[in-house]
Each structure stands twice: as structure tokens, then as C-alpha cells.
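# Structure at a glance
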Amino acid sequence: MIDLLSELSDPPKADPEALRIVALGGLGEVGRNMTVFEYRGKILVIDCGVLFPEEEQPGIDLILPDFSYLDGRADDVVGIVLTHGHEDHIGAVPYLLKKLGDVPILGSTLTLALVEAKLKEHRIRATTRIVAEDDKDQLGPFDLEFVAVNHSIPDALAVCVRTGAGTILHTGDFKMDQLPLDGRITDLRSFARLGEEGVDLFLTDSTNADVPGFTSMEKDIGAVLEAQFGRAERRIIVASFASHVHRVQQVLEAASAHGRKVALVGRSMVRNMKIAQELGYLNVPPGVLIDIKHVDSLPDDQVVLMCTGSQGEPMAALSRMANGSHRVTVNEGDMVVLASSLIPGNETAVFRVINGLMKLGATVIHKGNAKVHVSGHASAGELLYAYNIVKPRGVMPVHGEWRHMLANAKLAIDTGVPEDHVVVADDGWVVDLKDGKARVVGAVDCDYVFVDGSSVGTVTESDLQDRRILAGEGFVSIFMTVDKSDKRVLAGPVIHTRGVAESDRVFDTIKPKIEKAVADALDDGVVDEHKLQQIIRRTIGRWISSKLRRKPMIVPMVVIV
């Protein structure tokens, strides 16, 4: 494996005999998965997802992969392959197409249906091509073969990419549930066949690589949900990912068994489940599904609300219920079921929602106190099976934080993959596959791209720092007018604050010091507006830090007449 502390320089010009791999997201993090494959001047993109913001990114709606690597190369992109329909794999597709134009998009039936709904919202028309397991396709110099894999959403695919420089097998997100709800298992026979043909680099899902054993089966959740529904005396609210078709199916069946009606809450939940039902991936028992507007007319013990917000997203339905800003109110005795795993980084937000719901009197059921969710990702035991079946020449762990990828790399080495054939890379690292061996040859810029309302990429980390200061420390504005000719203060300082002190009168003691500091500067010949503002900022900043123990945003305004 590469020295993780080494400094990486700009990569050399692409070798026409090598397959170049650049992850623009998804390595060292759980989200915004996007990998670029470049061969003989042509580019294939696998997945294009989003990352959801954390608390220290206030005001941000989504985080995109850094598309700058593709600047000026739209004509070289031969296609986009999508492994499955989760947001962290498809959510950024509209933004990429706005940059590239009409590029062919390949994916399974459900995946493309979910993508097309997004594109419609963005008013984008795209060329899409449905593929299924065992299908083969060609995009430029890339020969593609698709393999069925089991995940927490139907229709997931692994993809084998054959080029003159070598063969890649990319698992996408997968696990090895042997009794899946839809009967569609991970096709290990195809994995073995491809392994016998020769896999030069195996890109494997790392999310649960540090979890021993095997991931539990989805079918185990149904009985637990039915038991929990049987205990509930009032309304039941279930939160899950908006695309978790299998979990919604189990909720519908548990509700039907206990004589309850189910209303879907949240625009993305309603949209995705409508698509899944129309395509036959979701089977709705007769009379169970109702519109949210009919909920209030039913007794509480006949209602189930299926909503978004299981990760504590501030604008999702469950978070708004917890803070009282949603049309659905949570009452004493309601049962709330969080039917999802915690995505790393979301712990604080989720526990805040749980505490808010419990404060309202709800009973909260989650993975920590009941088996109401199983992961969609392969644990260590399944990864070992995959390595032993495929017997790859090289391995590159993907989809996970560093702890996950390093654990995955160790599993590969334990099964006999030579250590110098295992590449653990970060976003932006450039990996070249040549002569059957992959190595890191440099790095390219790969920053977070923030979506803030209609703004894409204009918000910087500096802007977020300002927002964090405003949220945590408050705001102080100081207004002064000075006479440039007479070199004297005409008016002020007038001080206004937000979130710093209970009253602006607290600042009466510092006003004479600010006035004196400005007057002294004028006497010294300082009449530059910016320099006077800096003097004001330093004077009041030191005082606030000393007296109030705060570091607010300070905005001085000086008018020179």
C-alpha cells in the first residue's frame, strides 16, 4: 500500500497504455460517490452522487463531487454508468449533465426511473439506456458487463469494465443476503467466472469492512416490525431512506396485518414509492395506502406515517416533527421507528431528533434498542468470500471512510492479494493501472462543491466559517462618521449586536475607547477607510474577547466626509 503520509504531486500526462482511475468523491467519506475511468483519451464515469451536509456546514443543501477534472473534456466523456438508485450514487447527475450536456446514462430500470424523475425537476432531457444483469454494452474503448448484486434497494448492479490495459470489477454497494425479499441474490457465479477470466483491479464496497461476520438478512426485519406494531397503542411513525423500497414494503405488510393505514410523508418518499409501485418493485396491499390529508379523520390506532428524516436532516419530515414545525404533530404515546443505520457523521443530528421526539412523549425505537434495520453493505465475512471467489490480482477499496477502507485492504491482503497490489486512495488521487498493477501517480484538486439554494459552487469554506461564527458567536456592527479635513469624529460609534449580549448598553464602556482610538489615528494622518475599520475591529475585538469571552463577527462601517 502507498505511504499515506506522502505528498502527491500533479499526475503525469495520461499513458495511452494505462487505464487511469480518479475518484472525485466517495473515498475517505460515505457519500458523493463518483469515479472517472480514462483510457486512450476517453472517459467513463461510474456513479455520480451527493453527500449530505453536517452541522458545521450551515445553510448547505447538498455537497457535490468536484467536476473540475472534467473541465473542457465534455466531448471525451462516453457515458455515465449508475450502479443503483441511492442519492449518494445518483443525486449529482443533474448537476453533471448541466456541465457535460447530453451524455448517455446506463443503469437498471428502477435506477433510471429515479434519475429521470430528478432530471425532470431540473428540466433536463437525457439519453438513458436500461441495462440488466448479464447484459453487455460498449462505450467507446470500454467493454461493460453488468452483474446482479443485492443491496438495500432493488435493481443494484456491479459492473465489469474491460480495457486493453486491464479488467476492473466494481461492486457498487452490495451484500450477500441469501434470502432477499425480492429473490435477487448477488451473482457469485458471475463473480467467479470473471475471476477466472482475470480481474486486475477489484473495487469493493468498504462500508462494513470493519464489522465481523455477515450482515443480517432483510427478512428478519419484517417480524420485528410486526411485533413493534402490535405493541403500539397510538400512531406509528416510521422513518427511513426515501428510496428504501424493501423497508417500505415491510411497513405496508405490518400495517396491513394490524389493520392500519399508511400515509407517505415527504416529497421524495412519495415520488420514489410511486415510481417503485408503478414499476412493480413495491406491492401495496389493497386499501392500505392513503393520502396524508385523510390521516386526521382516522383514529390514532389505525395510522402509520412513513416519512423521511432517519439521518436527522434538518429539513426532513421527522426533524420538523421533532421540533414542532411540521403539520404532523407528535403526541404522548406515539411510537416512532427509525428504520435505518446511522451514516457516520450524522450521530449528533439523529440523537437530537430522538431526544426531541422523546421530550414530546413518543416511544422511539431504533437500531440501538431493537432490530428494526439491517445494513445494505457486506460485512467482513462476505468480503472475504468475495475475495476468495474472485481472486483478484489487485484491490482498491472504495465507498467508505479511511477506517473502513484500511480494514477492507487488510481483508484483501489476508486472502493472499500481495500488499503492493492493494491501493488505498483518497478523493482526487490518480491511480494508473498498467501491466496488471495499479499504482498512485499523483493527485488532482478535489474539493467540496456546495449547493446552497440555486447557487452551486459559489459558497466557499470561508463563507461557511463566517456562518459558523454568526451562529455560534453572534454579530456586532459599529458605525462611525469622520471628517477627513478636520481629522475628527463627527458621529458614533453606534453599536448594534445580535447574539452577543443581552443589551447593547453593555458596550457603553468601550465606546469612548473606540472613539479615542479612531481620533488618535486621525491625528496620526490615517484617513484610509479600510485602515480605520481595522483599528475599530481590533479595539472592540480585544474588549469583547476579554470581557465577554466571545469572538463574534465584527463589521465596522466608517463614512468619511
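Before going into details, it helps to say that this report is about the structure given with it. (Residues numbered from 1 in each chain as written. Predicted model: local features only at pLDDT ≥ 70, side-chain atom pairs only at ≥ 80, totals over all residues. Heavy atoms only, no water.)

With that settled, consider the packing of helix α13 (residues 511-523) against helix α14 (residues 529-547). Between α13 and α14, the least distance of the axes is 10 Å, while the angle of their chain directions is 145°. In the packing of α13 onto α14, the handedness of the crossing is right-handed. Contacts between α13 and α14 involve Lys 513, Ile 514, Ala 517, Val 518, Ala 521 and Leu 522 from the first element and Leu 532, Ile 535, Ile 536, Thr 539 and Ile 540 from the second. A breakdown of the residues in the contact of α13 with α14 according to their chemical character gives nine nonpolar, one polar and one charged. (Axes fitted to C-alpha atoms, helices over the stretch in contact; angles between N-to-C directions. Helix = DSSP H or I, 4+ residues; strand = E, 2+ residues; numbered from the N terminus. Left-handed = near helix turned anticlockwise from the far one by under 90°. Contact = heavy atoms within 4.5 Å. Nonpolar A, V, L, I, M, F, W, Y, C, P; charged D, E, K, R; others polar.)

Quick look at the sheet that holds strand β6 (residues 105-107) now. Strand order in the open sheet made by the eight strands is β7-β6-β5-β3-β2-β1-β20-β21, with mixed pairing throughout. For this open sheet the edge positions go to β7 (128-130) and β21 (437-443), each flanked by a neighbour on one side alone. Strand-to-strand twist in this sheet, taken as the mean axis angle between neighbours without regard to direction, amounts to 25°. Sheet topology note: the strand β2 (residues 34-39)/strand β3 (residues 42-46) ladder contains five bridges and is antiparallel. Across the sheet, residue Thr 35 finds its bridge partner in β3, namely Ile 46. Along the sheet, helix α2 (residues 93-100) makes contact with β2, β3, β5 (77-81) and β6, crossing β5 at roughly 170°. (Pairing = 2+ DSSP bridges.)

What follows is about the side chain of His 373. Residue position: His 373 is located in the loop between β18 (363-365) and α10 (380-390). A polar atom in the side chain of His 373 sits 3.1 Å from the side chain of Arg 247. In this structure the side chain of His 373 is engaged in a polar contact, spanning 3.3 Å, whose partner is the backbone oxygen of Ala 339. Every residue in contact with His 373, bar those within four places of it in the chain, is listed here: Ile 221, His 244, Arg 247, Ala 339, Ser 340, Ser 341 and Lys 367. (Polar contact = N/O pair within 3.5 Å; in protein donor to acceptor, adjacent residues only side chain to side chain.)

Geometric descriptors of this kind do not, in isolation, establish any biological role.
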